[in-house]
Amino acid sequence: MSDPTVPARGAAPDAPSRDAERVELPPHRFAGLVAPAIDRAFVAGMLAGRDGGAELSARYGGSAATGFLVEFRTRLATPGGTVSSPGFAALTRYRDPAACQRVLDKQIAYGMLQRRPDGGCCATDRGLAFLGELWRVHAEVTAELWAGHDDRVGRLVTALGRVLAYALVLAESDEPGAFAAMAPPHEPEGSPPGVLLLNRLGTLRYHRADAHAAAWAAAGHTATSIAALPPGPEWLAIEQETDRRAADPYAVLTADERLAMLADLAALPG
């Protein structure tokens, strides 16, 4: 695969053609550039649903009852969808394990989740009802947030679908982690483009999260020590290694498609 490129700017009148001036943007550099753009769009979509989601959550017992359902919605809403015990550990790797189990126990007590014999968890009928309503909230708020950007949203949904599909193929040879626990996202027939975009963005973030965890583990860190690491040469080296490990799924896109993804994400409101 050839390296993706971006056009250079400010060429002199007698300079070589634009094609000859294109500057290399290899996959690991693209991974570093697209990560904050993905974060921004995803967070904007989730924040847009904050008020409606809080009202919905309150009807089911509040955040103490629904927190993990919201966080793991794209897996738990899948028919028969289960977050395994190793998957749960990967998804909560930066949090205190005992505290997470106490939160999980509370949500089980509220009747929103149930524990599986293998230590994993899945949604109860009540939990699935909550998730069905949450899907409608997200459909409404993303339609409003990204109104007038139908073409842009459509392009991103298509591109992200290809990236996620390729990431799943690549993940078959990897150690199970947060991405394997959450991918592919639940996409019932008739899901509106805004919901597809929100959940594909969210799922892809777990791929980078695993890449980051692998990078800091290879550097001798733990979840606790990496959280305390200040910016500096070591921090930068881990970020660069994260970019390298997160880059492979973007090979499924052409150079122009990668640039279009960056431009579309940057142009989304939020």
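Preceding this section is the structure that the text describes.
Chemist: Before we go on, may I ask you to explain the packing of aromatic side chains in this structure?
Modeler: The way to describe two aromatic rings as a pair is by their centre distance and the angle between their planes. Scanning the entire structure with this criterion turns up six aromatic pairs. Ring geometry for Phe30 against Tyr250: centres 5.1 Å apart, planes inclined by 75°, an arrangement best described as edge-to-face. Here Phe30 is found in helix H2 (residues 27-48), whereas its partner Tyr250 is found in the loop between helix H13 (233-246) and helix H14 (255-267), with 220 residues between them in sequence. Taken as a pair, Phe30 and Tyr250 share a single burial class, namely buried. A ring pair is formed by Phe68 and Phe88, whose centres lie 5.2 Å apart and whose planes are at 75°; its orientation type is edge-to-face. With Phe68 in helix H4 (residues 63-71) and Phe88 in helix H6 (residues 85-91), this residue pair connects regions lying 20 residues apart in the sequence. One exposure class covers both Phe68 and Phe88, and it is buried. Taken together, the aromatic side chains of Phe68, Phe72 and Phe88 make up a single cluster linked through ring pairs.

Chemist: I would appreciate a short explanation of the nonpolar core in the present structure.
Modeler: Looking at soluble globular proteins, one finds that nonpolar side chains tend to be buried together. Of all hydrophobic cores here, the largest spans 62 residues; its most connected members are Leu197, Tyr250, Met261 and Leu265. Filtering out sequence-adjacent residues up to four positions away, Leu197 remains in contact with Trp146, Val153, Leu156, Val157, Leu160 and Leu268. Core analysis: the next-biggest nonpolar cluster, separate from the first, contains six residues, Ala215, Trp216, Ile226 and Leu229 among them.

Procedures and definitions
- Residues numbered from 1 in each chain as written.
- Predicted model: local features only at pLDDT ≥ 70, side-chain atom pairs only at ≥ 80, totals over all residues.
- Heavy atoms only, no water.
- Phe/Tyr/Trp six-rings, centres within 6.5 Å; stacked < 30°, edge-to-face > 60°.
- Helix = DSSP H or I, 4+ residues; strand = E, 2+ residues; numbered from the N terminus.
- Buried < 20%, exposed > 50% of the residue type's maximum accessible area, 1.4 Å probe, protein only.
- Core = buried A, V, L, I, M, F, W, Y, C linked by side-chain atoms within 4.5 Å.
- Contact = heavy atoms within 4.5 Å.

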